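Descriptive structure summary
Below, each chain spelled out in residue letters.
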Amino acid sequence: PAERAQLDSEKLSCSICLDLLKDPVAVPCGHSYCSSCIQEHWDEQDNRGFYSCPQCRKRFRQRPDLKKNILIAELVEDLKKTGLQAAAADLCSAGPEDVSCDVCSGRKLKAVKSCLVCLVSYCEEHLQPHYRSPAFKKHQLVEPSKKLQEKICSLHNEVMKIFCFTDQQSICYLCTMDQHRGHETVPAAAERRQKQKELEESRLNIHERIQDRAKAVKLLQQRMDAINVSADEAVKNSEESFAQMICLIQRRSDEVTQLLRSQQQTAVSELKELQKKLQQEISELKRKDVQLEQLAHTEDHTQFLISYPSVSALSEPTHSSSIQTAPLRYFEDVAAAVSESRDKLEDILRDTRTNISLRATEEELLLLQPETRADFLQYAKQITLDTNSANRELLLSNRNRKVTLTWQKQPYPDHPDRFTFWFQVLSRDSLTGRCYWEVDLRAREGVYVALSYKNISRAGNYSECGFGFNDKSWALCCCSDKLTFWHNSIETPVSGPRSSRVGVYLDHTAGILSFYSISGTMTLLHRVQTTFTQPLHAGFAIASNS
């Protein structure tokens, strides 16, 4: 029964004061509170434009009408009448770590409230007079505390209800006229209410950020699922395509082999036939040679002359000139064609692998871009300017981290890297990977915050060496009346808050270049997505108004 009473007591408690519900009323969202507790809670929200439920945070534009929750009121009364509350109190004896009731005699029960006026802690039973008697109406009840004396001023023996901003400590009202005279003070309760409002706003902000992050996590999960599904389909399709290509190559190989063997057989057969004819002619010629030799030894002149025409006559010879001029290697054109096809296939497969790798790397890099200024500062890079590139009318100072237009020639030595006409300078070190730096703009003239390849021209017209006016540089022009972005002589208007500080973020590998306006928070001004083919250098140019 005692456990049942404790459970019912918890269910029938007000979540604001944590006591049993007194005059319970229901909010439209379904939660119930003590009438006085919810009224005081909403009194504090009168100037916020909405009213919220302390439990579920549901907001109401109009202050809801409250109606008594008759069922819960009857259950609370039944709980009190049946004595189960007393049984629950038996389970609430004060332990070593608890605040015990100062009124209980014998076994001490756990205190549920402490009174700052009485300086006494009470259990539920001994606290009832504070709820019922008007004499205790102005007493301030707080969560039970073992350190009530610490809330009393040691000098004046008064409750410290004032907070001194000057000394950052709690004081009593007499202290404001004594040691803390002239200090900035405020009633602690009023300051608590103000801070409580700020706390609730902070919690609302935290909840909104949690929801935003949860949505982002969900989107990332959806993206990962889509990547997994797409990769599985691509693997399946590629395996089928490669299998088909392998079958096609095998079939083509068999066809080429068959064709070559057929041509080989035909060519060899023709040569064998020719070889046979030649061998027959050799035999015939040898026979003729024997006859001619015999005829040469005939002593009868008449017989010689009669036999000579028939013996000396030769058959038509087989032409063998084609045999002498035929190439020593056959079918080399076929072999060359197959080799060329192999090289083309290797190039295709190599390009396919490279494109897949680049797309995967780009996808991964884009997912991991920084968001907050703290994230960007992880890649902070100190920019040191190169004196060998500075125009002679630019003065470098602050260890070559500051540039000023002086209109007076500086004693810089001649150098092929120096900008000879435009007021420009490049950084000493090249930039690769991820880099972030911030630029303070204090000049009245227009300033170009730029990035450039080192091989940009150092002399000539603006399209050759001016930052942003060629394909070797990118520049944000910060003038007094507008912001513009320039690349390859193409101007892009930029909208955004003006600030004396500009942040520059470079992800060289991913091909991302971003400019930010920094004034308390970071606001993206312009972003470039491209492919950088060389290391970059930070650049600055000052536009003359003369």
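What counts, and at which threshold
- Residues numbered from 1 in each chain as written.
- Predicted model: local features only at pLDDT ≥ 70, side-chain atom pairs only at ≥ 80, totals over all residues.
- Heavy atoms only, no water.
- Helix = DSSP H or I, 4+ residues; strand = E, 2+ residues; numbered from the N terminus.
- Buried < 20%, exposed > 50% of the residue type's maximum accessible area, 1.4 Å probe, protein only.
- Lys, Arg positive; Asp, Glu negative; His and termini not counted.
- Salt bridge = Lys/Arg side-chain N within 4 Å of Asp/Glu carboxyl O.
- Contact = heavy atoms within 4.5 Å.
- Polar contact = N/O pair within 3.5 Å; in protein donor to acceptor, adjacent residues only side chain to side chain.
- Pairing = 2+ DSSP bridges.
- Axes fitted to C-alpha atoms, helices over the stretch in contact; angles between N-to-C directions.
- Arc of directions from axis to C-beta.
- Core = buried A, V, L, I, M, F, W, Y, C linked by side-chain atoms within 4.5 Å.
- Expected span 1.5 Å × (residues − 1).
- Phe/Tyr/Trp six-rings, centres within 6.5 Å; stacked < 30°, edge-to-face > 60°.

- Per an unreviewed UniProt entry, the protein goes by Tripartite motif-containing protein 16-like and derives from Salarias fasciatus.

**Observations concerning the side chain of Lys288**
- Here Lys288 is to be found in helix 6 (residues 188–296).
- Notably, Lys288 is buried but unbridged: the nearest opposite-charge side chain belongs to Glu284, and the N-O separation is 4.8 Å.
- Here Lys288 is in contact with Ser310, Val311, Ala313 and Leu314, once residues within four sequence places are set aside.

**Things to note about the side chain of Lys113**
- Locating Lys113 in the fold gives a position in strand 6 (residues 113–115).
- Within the structure, the side chain of Lys113 is placed 3.2 Å from the side chain of Glu143, a separation counted as a polar contact.
- Setting aside its immediate chain neighbours within four residues, Lys113 contacts Cys17, Asp19, Val120, Ser121, Tyr122, Leu127, Tyr131, Leu141, Val142, Glu143 and Pro144.

**Considering the sheet that holds strand 20 (residues 501–507)**
- Read from one edge to the other, the open sheet built from 4 strands follows the order 15-20-21-22, with strand pairing classed as antiparallel. Looking at strand neighbours, the two that pair on one side only are strand 15 (434–440) and strand 22 (521–529), the edges of this open sheet. Strand after strand, the sheet turns through a mean of 20 degrees between neighbouring axes, direction not considered.
- As defined by bridge partners, strand 15 adjoins strand 20 across 7 bridges and the pair is classed as antiparallel. The partner of Val439 across the bridge, within strand 20, is Val502.

**Focus on the pattern of salt bridges**
- Throughout the structure, instances matching the rule amount to 15 salt bridges.
- A salt bridge links Lys113 to Glu143; its shortest N-O distance comes to 3.2 Å. Of this pair, Lys113 sits in strand 6 while Glu143 sits in the loop between strand 8 (141–142) and strand 9 (162–164), and the two are 30 residues apart along the sequence.
- Lys195 is the partner of Glu198 in a salt bridge, and the nearest nitrogen-oxygen pair spans 3.7 Å. Within this pair, Glu198 and its partner Lys195 are both found in helix 6, separated by 3 residues, close to a single helical turn.
- Three or more residues are tied together by salt bridges with common partners; here these are Arg373, Glu438, Asp440 and Arg501.

**Section: helix 5 (residues 124–132)**
- All of the buried residues along helix 5 are Leu127, Gln128 and His130. Down the axis, helix 5 shows its buried residues gathered within 165 degrees of arc, on one side only. Across helix 5 from its buried face, at more than 90 degrees, point the exposed residues Glu125 and Arg132.
- Contact partners of the buried residues in helix 5: strand 6, strand 7 (120–122) and strand 8.

**Details of the nonpolar core**
- Core analysis: the biggest nonpolar cluster contains 36 residues, and Trp437, Val449, Leu451 and Phe515 have the highest contact counts within it.
- Those residues in contact with Leu451 that lie beyond four places of it in its chain are Leu431, Trp437, Lys472, Ser473, Trp474, Val504, Leu506, Leu513, Phe515, Leu536, His537 and Gly539.
- Of all hydrophobic cores here, the second largest spans 18 residues; its members include Val27, Ile38, Trp42 and Phe60.

**Observations regarding the environment of Asp417**
- Mapped onto the elements of the fold, Asp417 is located in the loop between strand 13 (402–405) and strand 14 (424–426).
- Put simply, Asp417 and Ser457 are 40 residues apart on the chain and 8.6 Å apart in space, counted from C-alpha to C-alpha.
- In this structure, Asp417 is in contact with Asn388, Ser389, Lys454 and Arg458, ignoring residues within four places of it in sequence.

**Some thoughts on unusual backbone geometry**
- Positive phi is not limited to glycine here, since Arg57 has a value of about 65 degrees.
- Within the secondary structure, Arg57 sits in the loop between strand 3 (51–52) and strand 4 (59–60).
- Owing to a relative accessible area of 28%, Arg57 belongs among the partly exposed residues under this scheme.
- Positive phi values are uncommon outside glycine, yet Asn400 reaches one of about 65 degrees.
- Positionally, Asn400 belongs in the loop between strand 12 (394–397) and strand 13.

**Considerations on helix 3 (residues 70–81)**
- Taking 1.5 Å per residue, 12 residues should reach 16 Å; helix 3 reaches 16 Å between its end C-alpha atoms and fits that length.
- Of all the residues in helix 3, the buried ones are Ile72, Ala73, Val76 and Leu79. The buried residues of helix 3 occupy an angular sector of 120 degrees when projected down its axis, which confines them to one face. Opposite its buried face, helix 3 presents the exposed residues Ile70, Leu71 and Lys81, each directed more than 90 degrees away.

**Remarks on the packing of aromatic side chains**
- Applying the stated criterion across every chain yields a total of 16 aromatic pairs.
- With centroids separated by 4.8 Å and ring planes inclined at 90 degrees, the aromatic side chains of Phe421 and Trp422 adopt a geometry described as edge-to-face.
- We classify Trp422 as partly exposed; its relative accessible area is 25%.
- Centroid distance Trp422 to Tyr462: 4.1 Å. Interplanar angle 65 degrees. Geometry classified as edge-to-face.

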